[in-house]
Amino acid sequence: MSGSADQPHPQLKDTPIGLPMSGIRSEFDSMGKMDVPASVYYGAQTARSLFHFSIGDDRMPKAVYHAYGVVKKACALVNEAAGRLPSWKAAAIVQAADETIAGKLDAHFPLYVWQTGSGTQSNMNVNEVISNRAIQLLGGELGSQTPVGPNDDVNMGQSSNDTFPTAMHVAAIKVIDDRLVPELEALAWLIEAKAKGWMAIVKAGRTHLEDATPLTVGQEWSGYAAQIRACIEEINNSRNGLYELAVGGTAVGTGLNAPKGFSVAVAKKIAELTGKPFVTAPNKFMAQGSLDAMVRAHAALRGVAVALMKIANDMRWLASGPRCGLGELKLPQNEPGSSIMPGKVNPTQCEAIVMIAIQVLGNDAGVAFAGSQGNFELNAMRPIIINSFLHSATILADGCAKFRTFSVKGTELDEKKIASYVANNLMLVTALSPVIGYQNAAHIAEKADAEGLTLREAALASGHVDEKTFDEVVNPRAMVGEGVGGA
């Protein structure tokens, strides 16, 4: 076994991160030697990937490597505790893994998204970087794979097939918890505050883009907040599948070359390192042959996109104008809106949210399609799924922050315009239906529209209702029900 516990204990050196800025270094893998720049920590397999897969400008997200650092650290600690990895070697691996987690080695993870579908090359990129950094910390020669080897030591008891989906789950949980959900919570809270403040302001409702019975501005906005709250709940539910980790299944889910209990111990260690309730996946064949948990989690992101698109579209339509649109809302004026029309200001934050939502919906189609492409014991579409997931979650989080700060927060009402729409709303006639019947009420609305009359004028002219009854029944304030629930 590589590195027995009775090996000598080299001291870790206080060697700062850094390599020569010029020259080349020889590295090797099972296929032979490869020259790499002397300024990088990665080795031969990373260099081969860069040569064969320099496709576009899409690089594997650094969040994947940070999560991989957690996985490698956990595995090293478990292997050390079981006596499979000497403490001095584990210490070097752990320090290099910590530097990976902290983003200090980001420059050494250059691989493209479009690579082997299992993520093997990114796994080896991590193994090589941690190996060479550990060698440097132990005073060895970079590229020698001694005394810390990328495969035998850093990758001990592991396979790309089980560690890459594990890193995917760790990265997904982190972006959800650290970025997306907090921003959604903040946006929901602000919209709820707006709704509470506007609960007494009656406005015209609209269905099918046509006039409808009244509600309050607060009730309308409470619906927006409820949409976001429901999305948060779905995201929280999607975490359950992401907490299950494939690590320990090795190549095909059987756990070959991983010691007994390795999967449980590593999952427990990852939970300890992250403070999240990660557990070993109860069925490694599902965990490695499919990416269903990621597909379901991205579906929750799709739900966020759908809700935000509705809210942003409502706001920009309600703010349309200032003279020739609906003009109920007054959005903050953040920047000039036209290079040719002086004084024009546009609902740019709303437009950005709509574009973000469109991108997320597109990402979701790709994630779902990729998720359907598992073959036998492996789904080899992993890079596109984690890239899409992290992209979606990140732009949703950032978009929510900007939308909240530069649009929702400063949104005001044009109460005069809102009141004028209520006064001219022919659908107030709906309150007369129980009194004079649907058909008679419909004819009153039709007459008012055709002849340019007010609803009151048309109602009194019909002979079906007197002034006192009309004024008692057709009362917009009484039509909105009580509180958020409505009638």
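Below or above, wherever it landed, is the structure these notes cover. Computed from a predicted model, the values in this text were never measured in an experiment.

Moving on, we get to the side chain of Thr216. Here Thr216 lies in strand E4 (residues 210–216). Since its relative accessible area comes to 1%, Thr216 is described here as buried. The contact partners of Thr216, leaving out residues within four places of it in the chain, are Trp198, Met199, Ile201, Val202, Lys203, Arg477 and Val480.

Space inside the largest pocket adds up to approximately 660 Å³. Looking at the largest pocket, it is lined by 28 residues, and the ones nearest its centre are Ala319, Ser320, Gly321, Pro322 and Val345. Elements with a contribution of two residues or more to the lining of the largest pocket: helix H10 (292–318), strand E7 (329–330), helix H11 (348–371) and helix H12 (382–408). Taken together, the residues of the lining of the largest pocket break down into 9 nonpolar, 11 polar and 8 charged. When its volume is computed, the second largest pocket comes out at roughly 430 Å³. Together, 19 residues line the second largest pocket, and Arg206, Leu209, Glu220, Asp314 and Leu318 are the ones closest to its centre. Sorting the residues of the lining of the second largest pocket by element identifies strand E3 (202–207), E4, helix H7 (217–242) and H10 as the ones contributing at least two each.

This brings us to the nonpolar core. Of all hydrophobic cores here, the largest spans 114 residues; its most connected members are Trp221, Ile270, Met315, Phe389, Leu396 and Phe403. The greatest single-element share of this core, amounting to 17 residues, is contributed by helix H6 (residues 160–197). Beyond its immediate stretch of four places on either side in the chain, Phe403 contacts Leu187, Ile311, Ala312, Met315, Gln349, Cys350, Ile353 and Val408. Counting 17 residues, the second-largest nonpolar core is a separate cluster that includes Leu426, Val429, Ala445 and Val474.

With that settled, the discussion passes to the packing of aromatic side chains. Inspection of every chain in the model, using the stated rule, returns 5 aromatic pairs. Arranged with centres 5.7 Å apart and planes meeting at 80°, the rings of Tyr243 and Phe278 form a pair that is edge-to-face. Of this pair, Tyr243 sits in the loop between H7 and strand E5 (244–245) while Phe278 sits in the loop between helix H8 (262–274) and strand E6 (279–280), and the two are 35 residues apart along the sequence. Look at Tyr243 and you get buried, because its relative accessible area is 14%. Overall, the relative accessible area of 4% leaves Phe278 in the buried class. An aromatic cluster is defined as three or more aromatic residues linked by ring pairs; in this entry it consists of Trp198, Trp221 and Tyr224. The residue whose ring lies beneath Arg206 is Tyr421, and the NZ or CZ to ring-centre distance is 5.4 Å.

The tally for this structure, following the rule as stated, stands at 1 cavity of 30 Å³ or more. Of the voids in this model, the largest cavity is the one considered here, and its volume is about 130 Å³. For the largest cavity, the lining is made up of 13 residues, of which His169, Met286, Ala287, Ser290 and Ala293 are closest to its centre. Broken down by secondary-structure element, the contributors of at least two residues to the lining of the largest cavity are H6, helix H9 (284–289) and H10. The dominant element in the lining of the largest cavity, judged by the number of residues it contributes, is H10, at 3 residues. For the lining of the largest cavity, the per-class residue count stands at 7 nonpolar, 3 polar and 3 charged.

This part takes up the pairing of strand E1 (residues 24–29). By the alternation rule, side chains of E1 split into Arg25, Glu27 and Asp29, which are all buried, and Ile24, Ser26 and Phe28, of which none is buried. Alignment of E1 against strand E2 (residues 32–37), held across 6 bridges, turns out to be antiparallel. Note that in E2 the partner of Asp29 across the bridge is Gly32. The turn linking E1 back onto E2 is made up of 2 residues.

The next thing to look at is unusual backbone geometry. Following Thr146, the chain continues into Pro147 via a peptide bond in cis, with omega recorded as 10°. Mapped onto the fold, Pro147 is located in the loop between helix H4 (120–137) and helix H5 (150–154). Following Gly321, the chain continues to Pro322 via a peptide bond in cis, the omega torsion being 10°. With respect to the element layout, Pro322 can be found in the loop between H10 and E7.

Across 5 bridges, the pairing between E3 and E4 is antiparallel. Looking across to E4, one finds that Lys203 is bridged to Leu215. Between E3 and E4, which pair antiparallel and follow one another directly, the connecting turn spans 2 residues, one of which, His208, has a positive phi of 60°.

Basis of the calculations
- Residues numbered from 1 in each chain as written.
- Predicted model: local features only at pLDDT ≥ 70, side-chain atom pairs only at ≥ 80, totals over all residues.
- Heavy atoms only, no water.
- Helix = DSSP H or I, 4+ residues; strand = E, 2+ residues; numbered from the N terminus.
- Buried < 20%, exposed > 50% of the residue type's maximum accessible area, 1.4 Å probe, protein only.
- Contact = heavy atoms within 4.5 Å.
- 1 Å grid on protein atoms, 1.4 Å probe; cavity = no way out; pocket = protein on both sides within 12 Å on 5 of 7 lines; lining within 4 Å.
- Points joined across faces, edges and corners; volume = space filled by probe spheres on them.
- Nonpolar A, V, L, I, M, F, W, Y, C, P; charged D, E, K, R; others polar.
- Core = buried A, V, L, I, M, F, W, Y, C linked by side-chain atoms within 4.5 Å.
- Phe/Tyr/Trp six-rings, centres within 6.5 Å; stacked < 30°, edge-to-face > 60°.
- Lys NZ or Arg CZ within 6 Å of the ring centre and 35° of its normal.
- Pairing = 2+ DSSP bridges.

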